[in-house]
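# Summary of structural features
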Amino acid sequence: KDIPGTSAVSPGSSKQCASDIESPSGTGEADYCRRILVRADAKGTIREIVLPKGLDLDRPKRTRTSFTAEQLYRLELEFQRCQYVVGRERTELARQLNLSETQVR
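To start, this report covers the structure provided alongside it. As the structure is a computational prediction, the values presented were derived from the model and not from experiment.

### Focus on the packing of helix H1 (residues 69-81) against helix H2 (residues 87-97)
- Where H1 meets H2, the axes come as close as 10 Å, and the angle between the chain directions of the two elements is 165 degrees. Between H1 and H2, the interaxial angle falls into the category roughly antiparallel. The two elements H1 and H2 meet at a crossing, and its hand is right-handed. Touching Gln71, Arg74, Leu75, Glu78 and Arg81 of H1 are Glu89, Leu93, Gln96 and Leu97, all from H2.
- The class makeup of the residues in the contact of H1 with H2 is 3 nonpolar, 2 polar and 4 charged.

Right, dumping it as structure tokens:
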């Protein structure tokens, strides 16, 4: 059910999800959009949110990396020296700190 004035487009979405875009299925909705209804407050107000269908809402979030004080100190020193550590330097720093290269990046 369409609720007037409650649609929202996900930030950063390059395609606009609007009811005036016709899909091949004839539903009046873009094929790359998914509409969900959420309870907005304790009073039971319902709000409709429009999201890209490709957004995987069921995937669990990645756990946040907890760096040790020593790792943070070394990473901050390297950042002050050179903001973009790449190549062999990144590989070596990651090995020394027992981190992945992605975590060093």
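### Focus on the pairing of strand S1 (residues 33-39)
- By the bridge criterion, 7 bridges tie S1 to strand S2 (residues 46-52) in an arrangement that is antiparallel. The residue bridging Arg34 from the neighbouring strand is Leu51, located in S2.
- Between S1 and S2, which pair antiparallel one after the other, the connecting turn spans 6 residues, and Gly44 there sits at a positive phi close to 90 degrees.

### Some thoughts on H1
- With 13 residues, H1 should cover 18 Å at 1.5 Å per step; its first-to-last C-alpha distance of 18 Å lies within 8% of that length.
- Those residues of H1 hidden inside the fold are in contact with H2 and helix H3 (101-104).

### Some remarks on H2
- Those residues of H2 not exposed but buried are Arg90, Leu93, Ala94 and Leu97. Along the long axis of H2, the arc covered by the buried residues comes to 100 degrees, so they all point the same way. In H2, the exposed residues that point more than 90 degrees away from the buried face are Arg88 and Arg95.
- Lining the buried residues of H2 we find H1 and H3.
- Remark: Asn98 follows H2 within two positions and exhibits a positive phi of approximately 60 degrees.

About the thresholds
Residues numbered from 1 in each chain as written. Predicted model: local features only at pLDDT ≥ 70, side-chain atom pairs only at ≥ 80, totals over all residues. Heavy atoms only, no water. Axes fitted to C-alpha atoms, helices over the stretch in contact; angles between N-to-C directions. Helix = DSSP H or I, 4+ residues; strand = E, 2+ residues; numbered from the N terminus. Parallel < 35°, antiparallel > 145°, perpendicular 65-115°, else oblique. Left-handed = near helix turned anticlockwise from the far one by under 90°. Contact = heavy atoms within 4.5 Å. Nonpolar A, V, L, I, M, F, W, Y, C, P; charged D, E, K, R; others polar. Pairing = 2+ DSSP bridges. Expected span 1.5 Å × (residues − 1). Buried < 20%, exposed > 50% of the residue type's maximum accessible area, 1.4 Å probe, protein only. Arc of directions from axis to C-beta.

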